[in-house]
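Analysis of the macromolecular model
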Amino acid sequence: MKPPYTKFTLGFLTVLLLTPFTLSAISQPNTPAQEPEHHDHEDEGPLAEAMEQVKDNMRALRKTLGDPAKAAEGMEYAKGMRIAILEGMPFCPDAPANLSELEQVKWRVDFQRKLLAVADDTLRLELALAEGNQEDAKAIYKSLGGIKKEGHDTYDPDEE
């Protein structure tokens, strides 16, 4: 007795079932140059998640500072901060509505530059810890707290 479905029929049914998924992928082209969505003050979303990771790593890092035996652990927290900062970089909070188009671009670029500066400070912090320079590490950590406050005052003034 022959099976009710031949190879051709099974292949045809597979193509038929997968066609909607294929058409959906074709109709939504992959455009990496497309700007990610902006997220104004929100407690969720990619930027909030990234900044939460920065905060968690920063708190954990604070507990390792001053103890040379915990330098490697502190370096991992600095690296975790940097990774989270770079992941959040594309998700700039919305610029104030009264800004011109040029000022909105400057707003976004300034936000991204500040995050790059913070990422650079995490590199400096990691290096200070690797060199055993706890005093420099503490000073860099303290400056990161100031940068955090300044960034929140500018980009998320309703927080706290």
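Treat the numbers as computed from the prediction; the structure is a model and nothing was measured. (Residues numbered from 1 in each chain as written. Predicted model: local features only at pLDDT ≥ 70, side-chain atom pairs only at ≥ 80, totals over all residues. Heavy atoms only, no water.)

A few words now on the pattern of salt bridges. Where side chains of opposite charge bring their charged atoms close, a pairing between them can arise. Scanning the model with the defined rule gives five salt bridges in all. Between Asp110 and Lys114 there is a salt bridge, and its shortest N-O distance comes to 3.0 Å. Taken as a pair, Asp110 and Lys114 lie in helix 4 (residues 101-130) at a separation of four residues, close to a single helical turn. For Asp110, a relative accessible area of 30% gives the class partly exposed. A relative accessible area of 25% places Lys114 in the partly exposed class. Asp121 is paired through a salt bridge with Arg124; the nearest N and O atoms lie 2.7 Å apart. With Asp121 and Arg124 both in helix 4, this residue pair falls three residues apart, about one helical turn. (Salt bridge = Lys/Arg side-chain N within 4 Å of Asp/Glu carboxyl O. Helix = DSSP H or I, 4+ residues; strand = E, 2+ residues; numbered from the N terminus. Buried < 20%, exposed > 50% of the residue type's maximum accessible area, 1.4 Å probe, protein only.)

Here the chain shows a mean pLDDT of 78. Residues at 70 or above account for 70%. Contacts of residues 8-41 to residues separated by more than four positions or lying in other chains number 20 contacts, the stretch itself having pLDDT below 50. (pLDDT = per-residue confidence, 0-100. Contact = heavy atoms within 4.5 Å.)

Another aspect to go through is the nonpolar core. Counting residues in each nonpolar core, the largest one holds 26 residues, and the members touching the most others are Leu61, Leu125, Leu129 and Leu144. Take this core: its biggest share by element is eight residues, from helix 4. Non-local contacts of Leu144, meaning those with residues more than four positions away in its chain, are made with Met58, Met81, Val118, Asp121 and Leu125. (Core = buried A, V, L, I, M, F, W, Y, C linked by side-chain atoms within 4.5 Å.)

Further remarks concern helix 4. Taking 1.5 Å as the rise per residue, helix 4 with 30 residues should run 44 Å; its terminal C-alpha atoms sit 44 Å apart, in good agreement. A positive backbone phi angle near 80° is found at Gly132, which sits one or two residues after helix 4. (Expected span 1.5 Å × (residues − 1).)

We now examine the environment of Leu47. By the secondary structure assignment, Leu47 is in helix 2 (residues 46-62). Taking the C-alpha atoms as reference points, Leu47 and Ile85, 38 residues apart in sequence, are found 8.8 Å from one another.

Attention now moves to the side chain of Arg82. Within the fold, Arg82 resides in helix 3 (residues 71-88). Of note is the side chain of Arg82, whose polar atom sits 3.2 Å from the side chain of Thr122. Apart from the residues within four sequence positions on either side, Arg82 is in contact with Ala119, Thr122, Leu123 and Glu126. (Polar contact = N/O pair within 3.5 Å; in protein donor to acceptor, adjacent residues only side chain to side chain.)

It is the contact of helix 3 with helix 4, at a shortest axis distance of 9 Å, that shows an interaxial angle of 165°. When the axes of helix 3 and helix 4 are compared, the pair comes out roughly antiparallel. Handedness of the helix 3/helix 4 crossing: left-handed. Across from Ala71, Gly74, Met75, Ala78, Lys79, Met81, Arg82, Ile85, Leu86 and Gly88 in helix 3, the residues of helix 4 making contact are Phe111, Leu115, Leu116, Val118, Ala119, Thr122, Leu123, Leu125, Glu126, Leu129 and Ala130. Across the contact of helix 3 with helix 4, the residue classes tally to 15 nonpolar, three polar and three charged. (Axes fitted to C-alpha atoms, helices over the stretch in contact; angles between N-to-C directions. Parallel < 35°, antiparallel > 145°, perpendicular 65-115°, else oblique. Left-handed = near helix turned anticlockwise from the far one by under 90°. Nonpolar A, V, L, I, M, F, W, Y, C, P; charged D, E, K, R; others polar.)

In this section: the packing of helix 2 against helix 3. Pairs of packed helices are described in terms of their axes, by the angle between the two and the distance that separates them. Where helix 2 meets helix 3, the closest approach of the two axes is 8 Å, and the angle between their N-to-C directions is 165°. Of the possible angle classes, the one that applies to helix 2 and helix 3 is roughly antiparallel. Handedness of the crossing formed by helix 2 with helix 3: left-handed. In this structure, helix 2 contributes Leu47, Ala50, Met51, Gln53, Val54, Asn57, Met58, Ala60 and Leu61 to the contact, and helix 3 contributes Gly74, Tyr77, Gly80, Met81, Ala84, Ile85 and Gly88.

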